[in-house]
Amino acid sequence: QEVPEPHTPERESFMPADGQNRSMRHLQGVIPSFSVLVERLLPAAESYVISRQFCAARERHEYGTCSQAFAAACRQLLDEFLVVVTQLENEFLSQGGLTLQRLWYLLQPSLRTLQILRGLC
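Residues numbered from 1 in each chain as written. Predicted model: local features only at pLDDT ≥ 70, side-chain atom pairs only at ≥ 80, totals over all residues. Heavy atoms only, no water.

A. Structural view of the overall build of the protein chain. Each helix and strand counted, the protein chain has three helices and two strands in total. Going from N to C terminus, the protein chain has its helices and strands arranged as β-β-α-α-α. With 121 residues in all, the protein chain has 20% of them scored as buried. In the protein chain, the share of contacts with a sequence separation of at least 24, taken over all contacts with a separation of at least 6, comes to 43%. Within the structure as shown, the protein chain displays about 8,900 Å² of accessible surface, and the carbon and sulfur contribution to it stands at 58%. (Helix = DSSP H or I, 4+ residues; strand = E, 2+ residues; numbered from the N terminus. Buried < 20%, exposed > 50% of the residue type's maximum accessible area, 1.4 Å probe, protein only. Contact = heavy atoms within 4.5 Å. Areas by Shrake-Rupley, 256 points an atom, 1.4 Å probe, with all protein chains shown as cover.)

In structure tokens, the structure reads:
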């Protein structure tokens, strides 16, 4: 009996419009529609990380009170996003009915907020 080989990620480098070199993983044998949905969700994760780093850097006293207030407002939006993610995780774990399509649909308002927030940071 032949044992199937595990899916191995292939790395592909690309240069997006912002000039930063990134690499993506493409899994062999993954349904293309899943790959498309995951690629749509990854920029949200990137926006979250960049915005969180900005908030952490700009909330220090040396940047002034306006910067601190802006960082606090950004952090509040990011914390609200974490609440949404926690609720979605709870839905996935308890009901098991959270598909990638449903996740994409439910995250639409939050994704737009993260995109705008990243543009401000």
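B. Region of the structure containing helix H1 (residues 32–58). Between the first and last C-alpha of H1 there are 40 Å, a value that for 27 residues agrees with the 39 Å anticipated at 1.5 Å per step. Turning to H1, its buried residues number three or more, namely Leu37, Leu41, Ala44, Ser47, Tyr48, Ser51, Arg52, Phe54 and Cys55. Next to the buried residues of H1 lie helix H2 (65–95) and helix H3 (100–120). (Expected span 1.5 Å × (residues − 1).)

C. Up close: the packing of H1 against H2. Between H1 and H2, whose axes approach to 9 Å, the crossing angle comes to 145°. The handedness of the crossing between H1 and H2 comes out as left-handed. Seen from H1, the contacting residues are Tyr48, Ser51, Arg52, Phe54, Cys55, Ala56 and Arg58; seen from H2, they are Ser67, Gln68, Phe70, Ala71, Cys74, Arg75, Leu78, Asp79, Phe81 and Leu82. Taken together, the residues of the contact of H1 with H2 sort by class into 10 nonpolar, three polar and four charged. (Axes fitted to C-alpha atoms, helices over the stretch in contact; angles between N-to-C directions. Left-handed = near helix turned anticlockwise from the far one by under 90°. Nonpolar A, V, L, I, M, F, W, Y, C, P; charged D, E, K, R; others polar.)

Limitation: the analysis is restricted to geometry and does not speak to function.
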